[in-house]
Amino acid sequence: MATKPVRVVSSMGEQSVGKSYALNHLVDTSFAGSAMRTTEGVWMSVTPTEKELIVALDFEGVHSIERSAQEDTLLVLFNTAISNLVLFRNNFALSRDITGLFQSFQSSATVLDPAENPSLFQSTLVIIIKDVVEADKVEIGREFSLKFEKIVQDEQEANFITRLHAGRLNIIPWPVIESKEFYKLFTKVKRCLDQQPVTHPVAGEFLLEMKTLMAKLKANDWGAMSQTMASHRAQLLLSMLPNALIHGLQEIDPEPEPLKNIDTDTPIQFPDTQLRLFLASGVFSQSDTREQVLTLLRNSWDRHETRQNLPDPEWADSLSQYLEQIVTMRIDHVREWLTQNLSRFQTTHASIEELRRTFDDVTVDLRSNVQLCRLQCANCQLLCVQSRLHDGPHNCRTDHVCIHQCDFCKEGTGDRRACSMIGGHAGKHSCVVNAHLCGQPCKFAGKFGCLDQCTKVTDHLDEHLCAALVHGCGEPCDLSGIKLVDGSTYACPGTCRIPSDVAHARHRCEARLCSVTCRLCKRLCSHHDHMHGLEEGEIHLCGEEHLCSVDCSVPGICEIETAPYSIEATFTGRHETFQYTKYSQVAKRLKCVKSIPPGQTKHNGPHNHNLDRKVVHFCENRCENCGYFCTLPLGHPQQEHETRHGSMSRTRWVVDESDDAAALEVEGRKFSTNDEGAPMMCNLLCQAMGRHVHIDYCRADDPAACTGREDTQHITKRLLPDPDRPKDYITHNLFWKKSGFKDPYSKEEQVNFAKCDAMCSGPEHVGNAGTLPQPSYCTLPMFHQPLDAHGPAPAIGYVSNDGHQFTCRNPVVMQHAYHVIFVADRSGSMTSKDKKPLQNTPASGRISARSNNRFGAVLSSLYGFWFARAAAIGSSASAARRDAYSVILFNSHVEPVIENDFTSNPDELLEAVLPHAANGGTNFTAAITNAASVMERYWSTERSPVIIFLSDGECQIADETMQDLCRTSTRLGKAVSFHAVSFGRGSQNAAAPTSLHRMVQIAQDAQNNAPRDPLAPATVTVMSSYTDALDTIQLAETFLGIAESLRKPRGSLMQLNNRRT
């Protein structure tokens, strides 16, 4: 199974369009399906066939209310990267907005670069339009084709069809399920799958590639897949390398596992030994000592017992050859294991280069650990068979006794007596020296190598000498105090072998070659003079070629590595605490790969980590928000830097609200001013926020310089951090220009982000538990000048009172109907001229001519309200005013001027109230009683009662009067909404009219206690309120507030180290 090729087919689309059902019929899977939402996330199924494995991926519906836009993007990215055939099913009736439907596809097109991942993004995208009748097939196919062509035209080379699918797109109108053709098309789709090129030739490779891709997406690592997989493979092999070299196995515990091709799970067929070798270096450590392992290796040699039956140098040569053969077999086996597991990766990848460098280094160690000392044993004349790196005296690892029989006894009596001399001695074997030979003490007794007893014939006349060829001086070798590269000092363990009777100025051991290790590796120095290390400035080199170990010196970054900063980092904000993964990048300086020629300590030219001229060093600039490095070459010609972006760990939130604890909700998380920005990603934050502004420190000396700019709007309030430094709102486009990095969002998203973030206040745009909100945004640029709400109505949509243009219906037209009863004070105090009618309106002249005072200001506001309502209704050709208007003017007496009016236009309503002037006293009781009478007389179950009570003075009124009004309204079926507007009092007078406050309080209590109207939506209920209308403009806004736009709280992430420039 692991060696079979793999084809991947996936099914995506809108919720409940039969994605699972289609896969079940296409490739014989058994995914659960129903008319309701069934699939969550992504499910995988494998269908084995005779020649291949078919992997089916069943994805949850796009734009799920339980999944964020970021999660949508990553799921699409995973799907398009790994699949061979992507089926996207959608409803024709619901999917006319192709751009919105494929937003997650377009967003993912800018994340991973297909050019850097040639093994990925090899799929064909098949758009299946569900439930199309035969007569509409051609037209529907043409319509969808034109819409996809529009996406390609708008996004140009960044469009997702070209980048993610290499331009391979099929559109299939699929018939209704009752049609005979419904099931026949599955054969066509299966044929399309079979025709896709095989991009996963081995199932084992596919599994590893899929796991790696998932890990990269989790880690927000947007680098080349090939580099990541090569790095992971090199790290895996490096972790297994000690076992491989020591035991010839990948794993030891819990069960031995042979060296295998990791992709195919097949063992590496190569000759090797089962013996254990010893390895110890700066990278690896072992508990067994080198000498213990070497002893086991010597004992495994079938000729081990033949020692002393042939000359010891000859025996030692054969043993060395055997040990070298064992090590060579193991090294060749491991080399083949590395070759097979690295064959599909570029050998120039830094991690692979480092693995090979480590392998070369430790194999030198492996060979060194079986190289024999071969100097004379300290206790006999056999050769030392310990490692050449052993500590302590030389040891032949025998009992040091000669194994032969006495030559004299054999020749004389034929007896077989054991030789009593030391192993490896020169001359004839003798059982007792003084029985067959002289036996007197040797002249050089005590000198190194002396056999102690004279081996000359009995009664000889000359000096007594043993059979030793040389009687060495025995003093320590003068080769000592040699400073090594690692700072340690080397001293030769040998003793002087120069004959003791020969005068000499320097003590030399029997070694002829240098015994100091090479300064560039673990081999021995190749110099033929053992004592050359004593010469001034001498360098010990093995004579072999070496790889340079110095860091690359070429300017720029050798390798950019993405790694989790903390797998489970904790965000602790003002409103909530949650776990997230924080990611950062590390700029790596790699080792030079140039070769140092034999006999040299360095190479010519600068150090470079790669000799391929196509390999570049990266730019050293990094994003100031997330810290990710530019991925373009150093000195790139592009004006903007480019990167894939990561956690915005260098930022903190700024929320533009009067309360520092105010929350901005992004992707279901709440953030407040000064909360850290690390959970957010540079390349995904803006998408999550939708239309938005960024906040930056103002760079203008005079804030007036920011006025009227299309990309900047000055903020007049003090905001943290550094509240004394003025700040600006800036557009998405300007933010990325200032960053110096290329905008990572699609062109469609950039166009959307450039538009105003004001939203229509209509209740139909608000989501609920089952549906996502569908906001209607202003169609104008972000910082546009307000349009005239009283000007000509647009062809489509409406203009809100605060100057924003929307394409939806005016909420004034669509809202619940009201009976609005205006109760206005026209007592003598209203003649004060501190407040006057609004200027520059169609009615300004007429009102000022009659009442150029406070009363005129009230009439001006009434007219503005009526005009705005009329303009909103007028934008819909078939709409008529559903609200009823009544106007009651009062002083000490009450005069109903307009009652239950549906038909009068603003000018006619104004003409009805203009003749009245301000004079006389004030009587709140009479006014409220009359308002209650008008409300009850014209009561309608279709309209909710609203009373707007305006006064600039104070008047006593019994609680019972207001309570009667409220009880009457509740008895008739709906609680009255009462709004008291106090105006005319100077801002220096902080005291508020207690009567108006009390009236509002009584009305609020009545609303809270009244039964809710089951037929009316919750948005219909407008709670009673008290308002200080301190000037003419504010008074007008009090009336017109119902036609204002909405705006979500503005917030942004700001750099922690942003300094004034």
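Quantities reported herein were computed from a predicted structural model and do not represent experimental measurements. Along each chain, the written sequence defines residue order, and numbers are assigned to residues from 1. Reporting in this predicted model follows two pLDDT cut-offs: at least 70 for local features of residues, and 80 or more for side-chain atom pairs to be given and counted; totals over whole chains, interfaces and linings ignore these cut-offs and use all residues. Just so you know, side-chain values use all the structure's heavy atoms and leave hydrogens and water out.

Student: What should I look at first to understand the sheet that holds strand β20 (residues 694-697) in this one?
Tutor: Hydrogen bonds between backbone groups are what pair the strands of a sheet, and the pairing can be parallel or antiparallel. In this analysis, strands are considered paired if DSSP registers two or more bridges between them. The secondary structure listing takes helices from DSSP runs of H or I that are at least 4 residues long and strands from runs of E that are at least 2 residues long, numbered from the N terminus. What the 3 strands build is an open sheet, ordered β20-β22-β21; its pairing is antiparallel. Either end of the sheet is taken by a strand with one partner, and the two such strands are β20 and β21 (712-715). Neighbouring strand axes in the sheet, compared pairwise and without regard to direction, differ in orientation by 35° on average. Across 4 bridges, the pairing between β20 and strand β22 (residues 727-730) is antiparallel. For His 694, the partnering residue across the bridge sits in β22 and is Ile 730. When checking whether two residues touch, look at their non-hydrogen atoms; a contact exists if any pair is within 4.5 Å. Fitting a line to C-alpha atoms yields each axis, with helices limited to the stretch in contact; the angle taken between N-to-C directions then spans 0 to 180 degrees. The strands touched by helix α16 (residues 732-739) are β20, β21 and β22; relative to β22, the strand with the most contacts, the crossing angle is about 110°.

Student: Help me understand empty space enclosed by the protein, please; the structure alone is not making it clear to me.
Tutor: Here the idea is plain: a probe the size of a water molecule rolls over the atoms and shows the empty space left. Think of a 1 Å grid over the protein atoms and nothing else: a 1.4 Å probe that fits but is trapped marks a cavity, an open set flanked by protein within 12 Å on at least five of seven lines marks a pocket, and residues with an atom within 4 Å of a point count as lining. Grid points are joined across faces, edges and corners, and a volume is the space filled by probe spheres set on the points. All told, the structure shown has 4 cavities of 30 Å³ or more when counted by the stated rule. Taken as a whole, the largest cavity encloses approximately 50 Å³ of empty space. Considering the residues around the largest cavity, the lining is formed by Met 648, Cys 682, Leu 685, Cys 686, His 694, Phe 735, Trp 736, Ser 1052 and Leu 1053. The element best represented in the lining of the largest cavity is helix α15 (residues 682-689), accounting for 3 residues. Of the residues in the lining of the largest cavity, the class split is 7 nonpolar, 2 polar and no charged. Any residue outside Ala, Val, Leu, Ile, Met, Phe, Trp, Tyr, Cys, Pro, Asp, Glu, Lys and Arg is labelled polar, Gly included; the first ten of those are nonpolar and the last four are charged.

Student: Is there a simple way to think about the sheet that holds strand β6 (residues 169-173) in this case?
Tutor: The strand order across the open sheet formed by 6 strands is β2-β3-β1-β4-β5-β6, and the pairing between neighbours is mixed. At either margin of the open sheet sits one strand with a lone partner, and together these are β2 (42-48) and β6. Each strand axis lies, on average, 20° off the axis of its neighbour in the sheet, ignoring direction. Strand direction decides the pairing type here: β2 and strand β3 (residues 53-59), joined by 7 bridges, are antiparallel. In the strand pairing of β3, Pro 48 is matched with Leu 53. Here helix α5 (residues 137-155) sits on the sheet and contacts β4 (85-91), β5 (124-130) and β6; the angle it forms with β6, its principal contact strand, is near 150°.

Student: Just to check I follow, could you spell out the nonpolar core for this structure?
Tutor: As a rule of thumb, nonpolar side chains are buried together in soluble globular proteins. As used here, the term nonpolar core means buried Ala, Val, Leu, Ile, Met, Phe, Trp, Tyr and Cys residues forming a set that is joined through side-chain atoms within 4.5 Å. Only protein chains enter the accessibility calculation, which uses a 1.4 Å probe. A residue is then buried if its area is under 20% of the maximum for its type, exposed if over 50%, and partly exposed in between. By size, the foremost hydrophobic cluster in this structure holds 79 residues, and its most contacted members are Phe 160, Leu 213, Val 334 and Trp 337. It is helix α11 (residues 312-342) that contributes the most residues to this core, 12 residues altogether. Cys 626, Leu 664, Phe 741 and Leu 1053 belong to the second largest nonpolar core, which has 31 residues in total.

Student: Looking at this model, I keep getting lost on the environment of Asp 462. Mind explaining?
Tutor: Inspection of the secondary structure puts Asp 462 in the loop between α14 (433-436) and β11 (482-483). Judged by relative accessible area, Asp 462 falls into the partly exposed class, the value being 44%. Pairing of N or O atoms within 3.5 Å defines a polar contact, subject to two protein rules: one partner must be a possible hydrogen donor and the other a possible acceptor, and residues neighboring in sequence count only if both atoms are side-chain atoms. A distance of 2.7 Å separates polar atoms of two side chains, one belonging to Asp 462 and the other to Lys 456. There is a polar contact of 2.8 Å between the side chain of Asp 462 and the side chain of His 460.

Student: Which parts of the structure should I look at to understand the pattern of salt bridges?
Tutor: Side chains that differ in sign of charge can pair as their charged atoms come close. Salt bridge, as applied in this entry: a Lys or Arg side-chain nitrogen positioned within 4 Å of an Asp or Glu carboxyl oxygen. This model, assessed by the stated rule, comprises 40 salt bridges. Residue Asp 265 pairs with Lys 260 through a salt bridge whose shortest N-O separation is 3.4 Å. For Asp 265, a relative accessible area of 48% gives the class partly exposed. Residue Arg 330 is joined to Asp 272 by a salt bridge in which the shortest nitrogen-to-oxygen separation is 2.9 Å. A residue pair is termed long-range when its members are at least 10 positions apart, and Arg 330 in helix α11 and Asp 272 in the loop between β10 (266-267) and α10 (290-299) qualify at 58 residues. On the basis of relative accessibility, which here comes to 0%, the residue Arg 330 falls in the buried class. Where salt bridges share partners, they join Glu 205, Arg 233, Asp 263 and Arg 344 into one cluster.

Student: Explanation requested: the environment of Cys 626 in the structure shown.
Tutor: Inspection of the secondary structure puts Cys 626 in the loop between β16 (595-596) and β17 (651-656). Separated by 19 residues in the primary sequence, Cys 626 and His 645 have C-alpha atoms spaced 6.4 Å apart. Ignoring anything within four residues of it in the chain, the contact list for Cys 626 reads His 645, Gly 646, Ser 647, Met 648, Ser 649 and Cys 682.

Student: In this structure, what is going on with the packing of α11 against helix α12 (residues 350-368)? I would like to understand it.
Tutor: When two helices pack together, you describe them by how their axes are tilted relative to each other and by the distance separating the axes. It is the contact of α11 with α12, at a shortest axis distance of 11 Å, that shows an interaxial angle of 170°. Here α11 is positioned roughly antiparallel relative to α12, judged by the angle of their axes. From α11, Glu 324, Val 327, Thr 328, Ile 331, Val 334, Arg 335, Leu 338 and Leu 342 reach across to α12, where they touch Ile 352, Leu 355, Arg 356, Phe 359, Thr 363, Leu 366 and Arg 367. Taken together, the residues that form the contact of α11 with α12 break down as 9 nonpolar, 2 polar and 4 charged. An angle below 35 degrees is read as roughly parallel, one above 145 as roughly antiparallel, one from 65 to 115 as roughly perpendicular, and any other as oblique.

Student: Looking at this model, I keep getting lost on the packing of aromatic side chains. Mind explaining?
Tutor: The description of an aromatic ring pair rests on the distance of the ring centres and on the angle between the ring planes. For Phe, Tyr and Trp, rings pair up if their centres lie within 6.5 Å, where Trp contributes its six-membered ring, and each pair is then called stacked (planes under 30 degrees apart), edge-to-face (over 60) or tilted (otherwise). If you walk through the whole model with that rule in mind, you get 20 aromatic pairs. Taking 6.4 Å as the distance between ring centres and 80° as the angle between the ring planes, the aromatic pair formed by Phe 578 and Phe 671 counts as edge-to-face. Placement of Phe 578 in strand β15 (residues 577-588) and of Phe 671 in strand β19 (residues 669-671) is noted, with a sequence separation of 93 residues between them. Through pairs of rings, three or more aromatic residues link up here, namely Phe 571, Phe 578, Tyr 580, Trp 653 and Phe 671.

Student: What is the right way to look at helix α21 (residues 906-913) in this model?
Tutor: Burial in α21 covers these residues: Pro 906, Leu 909, Leu 910 and Val 913. For α21, the angular spread of buried residues about the axis comes to 100°, placing them on one side. The backbone nitrogen of Asp 907 has a side-chain oxygen 3.1 Å away, supplied by the residue at the start of α21, namely Asn 905. Here the arc refers to the directions that run from the helix axis out to each C-beta atom.

Student: I keep staring at the side chain of Asp 901 and nothing clicks. Help me out?
Tutor: Relative to the elements of secondary structure, Asp 901 occurs in strand β27 (residues 894-901). The exposure class assigned to Asp 901 is buried, which follows from its relative accessible area of 14%. A distance of 3.3 Å separates the side chain of Asp 901 from the backbone nitrogen of Thr 903, its partner in a polar contact. For Asp 901, the side chain forms a polar contact with the side chain of Ser 904, separated by 2.7 Å. Not counting residues within four places of it along the chain, the set of residues in contact with Asp 901 comprises Arg 881, Asp 883, Ala 884, Tyr 885 and Leu 909.

Student: Explain helix α23 (residues 959-972) here, please?
Tutor: Residues spaced three or four apart along an α-helix point in a common direction, a consequence of the helix completing one turn every 3.6 residues. Here α23 is 14 residues long and its end C-alpha atoms lie 20 Å apart, about the 20 Å a rise of 1.5 Å per residue gives. A positive phi of about 135° marks Gly 973, the residue just after α23. Take the number of residues in a helix, subtract one, and multiply by 1.5 Å to get its expected span.

Student: What exactly am I supposed to notice about the packing of helix α9 (residues 225-247) against α12 here?
Tutor: Closest axis-to-axis distance for the α9/α12 pair is 9 Å, and the angle between their directions is 10°. In terms of orientation, α9 and α12 fall into the roughly parallel class. In contact with Ala 230, Ser 231, Ala 234, Leu 237, Leu 238, Leu 241 and Leu 245 of α9, α12 contributes Ser 351, Ile 352, Leu 355, Thr 358, Phe 359, Val 362, Thr 363 and Leu 366. Residue classes in the contact of α9 with α12 are distributed as 11 nonpolar, 4 polar and no charged.

Student: Would you take a moment to explain the pairing of β5 for this structure?
Tutor: Regular strands have side chains that alternate between both faces of the sheet. By the criterion of burial, β5 is predominantly enclosed, with 6 of the 7 residues buried. Here 7 bridges tie β4 to β5, and the two strands are oriented parallel to one another. Along β5, the bridge assignment pairs Asn 91 with Lys 130. Here β5 runs beside β6; their pairing, made up of 5 bridges, is parallel. Paired with Ile 129 across the two strands is Pro 173, which belongs to β6.

Student: Just checking my understanding: could you explain unusual backbone geometry for this structure?
Tutor: Leaving glycine out, the prevailing phi sign among residues is negative, and the prevailing peptide bond configuration is trans. Omega for the peptide link from Asp 253 to Pro 254 comes to -5°, which places this bond in the cis form. Topologically, Pro 254 is positioned in the loop between β7 (249-251) and β8 (257-258). Cis geometry is adopted by the peptide bond preceding Pro 721, which originates at Leu 720 and carries an omega value of -5°. The residue Pro 721 is located in the loop between β21 and β22 in this model. Even without a glycine there, the phi angle at Ala 166 is positive, about 55°.

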